[in-house]
Amino acid sequence: MAGSTASLRAYVITRVILIFPMLLLLLTFTFLILRVIPGDPITTIVREGTPQAVIDRLRAELGLNDPLYIQYFTYLRDVFTGNMGTSIVTQGPVTQEIAYRMPATIELALSSMFVASVLGIGLGTFSGTRRDSLPDIGTRLYGALAYNIPIFWFGLIMKLIFAVWLGWLPVSGRFSPRLSPPPTVTGLYTIDSLLAGDLRAFVDAVAHLILPALTLGIVLSGFFVRITRVNVIQAMSSDYVEAARARGIEERNVFFRHALKNGLVPVITTMGLTFALLFSGAILTETVFSFEGMGRYVFYAITYRDYPAIQGAVVYYGILMVIISLGIDILNAFVDPRIRY
Amino acid sequence: MAGWFARGRTSLVGRLLGTFIRQSRTVAGILVWIGLAVILAILVMGILAPFIAPFDPNTKVGATELPPGGPFVMGTDRAGQDVLSRIIWGARVPLAIVAVSTTISLAIGLPLGLLSGFAGGRLDRVILLVMDSIYAFPGLLLAIAIAAVIGRGILNISFAIAVVYIPTYFRVIRNHVTSVKQEPYVEAAVALGMSRTRVIGRYVFPNVAQNIPVIFSVNAADAILTEAGLAVLGLGLPPGIPDWGFDISLNWQRFDVSWWATFFPGLFILILTTALTFVGEGLNDILNPLLRKKEQAAVAEA
């Protein structure tokens, strides 16, 4: 036992140290790509017919005349001091804009991940243990439909039914304009309102979150249903389950202690991949519900060629992804001893 | 060249057909047949569009936002165009985009996968790293970025989508190649001094080729959804080409007034993607030996 805890600790420490080269690689990659992309960033800032003198001054101010390696080190320094420049479109500091929008996406991501795992793992297990029965076929149909539904369209339907027709939930946004948002601690309205002890604000924030989270969560649950079902089927037909049955262990215990535990390991492993899926979905979900998060921000930044904003978004998004993948890897090491060093 | 092709065809297509006919009464077999029937119906609808569409898809043929009924079976949209006619013509776009983007993904992903898997070593690790980074990136975001740089049009959009799915083809092919490479007959061919290209063409490719239909049908659904996502965000095809995704982007802000103009195009996207997934899931069940093992055991017992 002592040996296994030590190896787990070694794994976690190595994995945390590995974050730094990964981040550096990501930052360098972003820097290079944005310098390679065709089009001079200056042309997106200035209007046509701007005098050359003004353009030259701007160019010097932005450091675009410096040699590439100087630009690179300035860029790295800026990233670590949290100075990502000014958005060309809104003229606001990029770091501040992202600090406002990132929590919205994190809130959406966490809540929809919750919906997706409860629905997906629950239904997938249910269906995997009843292979080719009617409930299994029904669940597979649900999985296929959920995975294939155009998320934007699904969000619109949810909005029309629950917000417009039934009027149960707010139509759009993150918070009612008639209430004042809670003082910012984490930026997540649900948590901040609880911290401030403001129950009305909490209820309001949750009400705004329900429809986007359900929309994105149900779509993602299609993926989880599939993965869980396949893995539970594989675990249920494995030799150790047969052996457990042969030893006369009660079927319920066979399932919970042996099959489920092993069947869920690959599900956790693939969770990391679903974050890419989740973010694609978030762009569209945020659009339907006017939920001002990172998805919308990146979309605008790309369409208007707002280079500082793109750079900032990619960098912070990358940092978030690196942290998430670290979390998932550590979680994996806990459930699967083979992963440790 | 002709040698491996003929060989691949008899073994692969023959095996596939045989398996299908044997499996056509299992859940997986039924799924494949239903999916194929739906895809075929949509394909025929797109091809016959000039003959079966009741109105011109791009002209104002009635009042705006008329509810379904009368001459307009699915109503009219914000621009007074017939929704049904646009849906019939719109069937062409996802099919064309799937065909073009899959060809591109396959044309790049397959050789890279063969090369990377067969060569191994440092080259393999480098290609793998690049592919994994693309894979970990949100697909829609990548497509948005490419589409924003290269602009609109069927080819451009297909290219943007193709890039997203290259890693999927690459991954599956590469992983299969690394296991096929260990087979005695491949090692024997190498030991007998056969050239690398001939070993790959003659022994490796026919074995890994069975993955292609499965990845294709799973990916095609994703590609259609990505195209629709781009269209909804205003980065899709230029106006004038009837497209289900474009119709959603045109009408969604009036969803609470004229729901039909948004609802029907979305429904058709869902039908097509689900049909493709049925084919993919069914094929996967039939071809994936791990899952099949139990089924065969059950058949043997019966």
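### Description of the overall build of chain A
Part 1 of the reasoning: Scanning chain A for helices and strands turns up 14 helices and 0 strands.
Part 2 of the reasoning: The N-to-C order of helical and strand elements in chain A reads α-α-α-α-α-α-α-α-α-α-α-α-α-α.
Part 3 of the reasoning: Here chain A holds 341 residues, and 38% of them are scored as buried.
Part 4 of the reasoning: Within chain A, contacts between residues separated by at least 24 positions form 71% of all contacts whose residues are at least 6 apart in sequence.

### Some points on the overall build of chain B
Part 1 of the reasoning: Helix and strand content of chain B: 14 helices and 0 strands.
Part 2 of the reasoning: Secondary structure elements of chain B occur, N-terminal to C-terminal, as α-α-α-α-α-α-α-α-α-α-α-α-α-α.
Part 3 of the reasoning: By the burial criterion, 45% of the 302 residues in chain B qualify as buried.
Part 4 of the reasoning: Summarising the internal contacts of chain B: among those between residues at least 6 apart in sequence, 70% fall at separations of at least 24.

### Digging into the interface of chain A and chain B
Part 1 of the reasoning: Every contact between the two is made by 27 residues of chain A and, on the other side, 34 residues of chain B.
Part 2 of the reasoning: Taken together, the elements giving at least two residues each to the side of chain A that touches chain B come down to helix H6 (134–148), helix H7 (151–165), helix H9 (199–236), helix H12 (265–288) and helix H13 (294–303) of chain A.
Part 3 of the reasoning: It is H12(A) that contributes the most residues to the side of chain A that touches chain B, 6 residues altogether.
Part 4 of the reasoning: Here the side of chain A that touches chain B is built from residues that sort into 20 nonpolar, 6 polar and 1 charged.

### Points about the environment of Val232(A)
Part 1 of the reasoning: Following the sequence through the fold, Val232(A) ends up in helix H9.
Part 2 of the reasoning: A sequence separation of 80 residues divides Val232(A) from Gly312(A), and the C-alpha atoms of the two residues are 41 Å apart.

### Examining the environment of Ala162(B)
Part 1 of the reasoning: Tracing the sequence through the fold places Ala162(B) in helix H8 (residues 154–180).
Part 2 of the reasoning: If we ignore the near neighbours within four places in the chain, the residues touching Ala162(B) are Ser101(B), Ile104(B) and Ser105(B).

### Observations concerning unusual backbone geometry
Part 1 of the reasoning: Look at Ser290(A): it is not a glycine, yet its phi comes out positive at around 45 degrees.
Part 2 of the reasoning: Here Ser290(A) lies in the loop between H12 and H13.

### Let's talk about the nonpolar core
Part 1 of the reasoning: Formed by 160 residues in total, the largest nonpolar core has its most connected members in Ala313(A), Ala143(B), Ile144(B), Ile161(B), Val204(B) and Ile224(B).
Part 2 of the reasoning: Ranked by the residues each element gives to this core, the list is headed by H9(A), at 19 residues.
Part 3 of the reasoning: Residues contacting Ala143(B), with those up to four places away along its chain left out, are Ala160(B), Ile161(B), Val164(B), Thr226(B) and Leu230(B).

### Let's talk about the packing of helix H7 (residues 139–150) of chain B against H8(B)
All names here are of chain B.
Part 1 of the reasoning: Packing of H7 against H8 leaves a shortest axis separation of 9 Å and a crossing angle of 145 degrees. Seen along the crossing, H7 lies across H8 with a hand that is right-handed. Of H8, the residues touching H7 (which contributes Gly139, Leu142, Ala143, Ile146, Ala147 and Ile150) are Asn156, Ile157, Phe159, Ala160, Ile161, Val163 and Val164.
Part 2 of the reasoning: Grouping the amino acids of the contact of H7 with H8 by side-chain chemistry returns 11 nonpolar, 2 polar and no charged.

### Description of the confidence of the model for chain B
Residues and elements named next belong to chain B.
Part 1 of the reasoning: For chain B, per-residue confidence averages 80 on the pLDDT scale, and residues scoring 70 or more make up 87% of the total.
Part 2 of the reasoning: Across chain B, the element-wise mean pLDDT spans from 45 in helix H14 (residues 289–301) up to 89 in helix H5 (residues 92–119).
Part 3 of the reasoning: Note that pLDDT drops below 50 for residues 1–9; the model gives that stretch 8 contacts with residues more than four away or on any other chain.
Part 4 of the reasoning: Ignoring residues within four places in sequence, the model shows residues 290–302, a span with pLDDT below 50, making 4 contacts including any to other chains.
Part 5 of the reasoning: Listed scores for the predicted complex are pTM 0.81 and ipTM 0.80.

### Brief notes about the environment of Ser176(A)
All names here are of chain A.
Part 1 of the reasoning: One can find Ser176 in the loop between H7 and helix H8 (189–195).
Part 2 of the reasoning: Take Ser176: there are 15 C-beta atoms within 10 Å of it, and that puts it in the partly exposed class.
Part 3 of the reasoning: With 31 residues separating them in the primary sequence, Ser176 and Ala207 have C-alpha atoms 9.8 Å apart.
Part 4 of the reasoning: Each residue touching Ser176, except ones within four places of it in the same chain, is listed here: Pro170 and Asp204.

### What about the confidence of the model for chain A?
Part 1 of the reasoning: Per-residue confidence for chain A averages 80 on the pLDDT scale, and 91% of its residues sit at or above 70.
Part 2 of the reasoning: Model confidence for chain A, summarised as mean pLDDT per element, is weakest for helix H2 (residues 41–45) of chain A at 61 and strongest for H7(A) at 90.

### Focus: H8(B)
Part 1 of the reasoning: Here H8(B) contains 27 residues, and its C-alpha end-to-end distance of 37 Å stays within 8% of the 39 Å for a straight helix at 1.5 Å per residue.
Part 2 of the reasoning: At Val164(B), H8(B) shows its largest kink, close to 40 degrees, and the proline Pro167(B) lies no more than four residues downstream.

Criteria and cut-off values
- Residues numbered from 1 in each chain as written.
- Chains lettered and ligands numbered in written order.
- Predicted model: local features only at pLDDT ≥ 70, side-chain atom pairs only at ≥ 80, totals over all residues.
- Helix = DSSP H or I, 4+ residues; strand = E, 2+ residues; numbered from the N terminus.
- Buried ≥ 20, exposed ≤ 12 C-beta atoms within 10 Å, placed from the backbone.
- Contact = placed C-beta atoms within 7 Å.
- Nonpolar A, V, L, I, M, F, W, Y, C, P; charged D, E, K, R; others polar.
- Core = buried A, V, L, I, M, F, W, Y, C linked by C-beta atoms within 7 Å.
- Axes fitted to C-alpha atoms, helices over the stretch in contact; angles between N-to-C directions.
- Left-handed = near helix turned anticlockwise from the far one by under 90°.
- pLDDT = per-residue confidence, 0-100.
- Expected span 1.5 Å × (residues − 1).
- Bend = angle between axes of the 7 residues up to and from the residue.

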